[in-house]
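As a plain string of letters, each chain reads:
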Amino acid sequence: MRYLGLDLGSRTLGISLSDATRTIASTYTTIHFNEGDYDSVLRELKKIIKEYDVSKIVLGFPKNMSNTIGDRANICLDFQKKLISNLNIEVVMQDERLSTVEATNYMLEADISRKKRKKKIDSLAANIILQTYLDKERRRINNE
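Now for a quick tour of the structure. (Residues numbered from 1 in each chain as written. Predicted model: local features only at pLDDT ≥ 70, side-chain atom pairs only at ≥ 80, totals over all residues. Heavy atoms only, no water.)

## Let's talk about the sheet that holds strand β5 (residues 90-95)
Line of reasoning, step 1. Here five strands make up an open sheet; going across it, the order is β3-β2-β1-β4-β5 and the pairing mixed. Two strands close off the open sheet at either side, each with one partner strand: β3 (25-32) and β5. Mean inter-strand twist for the sheet, computed between neighbouring axes without regard to direction, equals 25°.
Line of reasoning, step 2. Alignment of strand β2 (residues 12-18) against β3, held across seven bridges, turns out to be antiparallel. Looking at β3, one finds that Thr12 is bridged to His32.
Line of reasoning, step 3. Sheet strands in contact with helix α1 (residues 38-52) are β1 (2-8), β2, β3 and β4 (54-61), and its direction is about 160° off that of β1.
Line of reasoning, step 4. Relative to β4, helix α2 (residues 71-87) is tilted by about 165°, and along the sheet it contacts β1, β2, β4 and β5. (Pairing = 2+ DSSP bridges. Helix = DSSP H or I, 4+ residues; strand = E, 2+ residues; numbered from the N terminus. Axes fitted to C-alpha atoms, helices over the stretch in contact; angles between N-to-C directions. Contact = heavy atoms within 4.5 Å.)

## Thoughts on the pattern of salt bridges
Line of reasoning, step 1. Enumeration according to the criterion identifies four salt bridges in this entry.
Line of reasoning, step 2. Taking the shortest distance from any N to any O, the salt bridge between Glu44 and Lys47 comes out at 3.4 Å. Placement of the pair is Glu44 and Lys47 together in helix α1, with a separation of three residues, close to one helical turn.
Line of reasoning, step 3. Between Glu90 and Lys56 there is a salt bridge; the shortest N-O distance is 4.0 Å. You can see Glu90 sitting in strand β5 and its partner Lys56 sitting in strand β4, a full 34 residues away along the chain.
Line of reasoning, step 4. The network of salt bridges with common partners includes Lys56, Glu90 and Glu137. (Salt bridge = Lys/Arg side-chain N within 4 Å of Asp/Glu carboxyl O.)

Shape descriptors only; they carry no functional weight alone.
Next up, the structure:
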């Protein structure tokens, strides 16, 4: 079973997948949708979940730097509820502060063009969100 990492934007959903051992996250794709049209997103996610035997979704939670919850975070909480009720799968929230900045920095260091960065930024941010969760979960298990 694998985990799915998600980075929800206003019109994009970055997606990453873990390997079967839930050790390494890899970028998967980005879904583009009309703002607020989460039904089309859910249809695509259902296919991915079935194809890859996904057992858990890790959704990026965009807290403010002051650790408060703003508009984007509330949208993500609503999306979490929609995922749980429509997909019948566990959905955990992972703090994603600075994940997009980190993804951009990786691509700048790799000298990836602006055009290619724009296409990959969401799935790479989802990858960072999922890998952060996987690493945290591994540390927790090793400390038990």
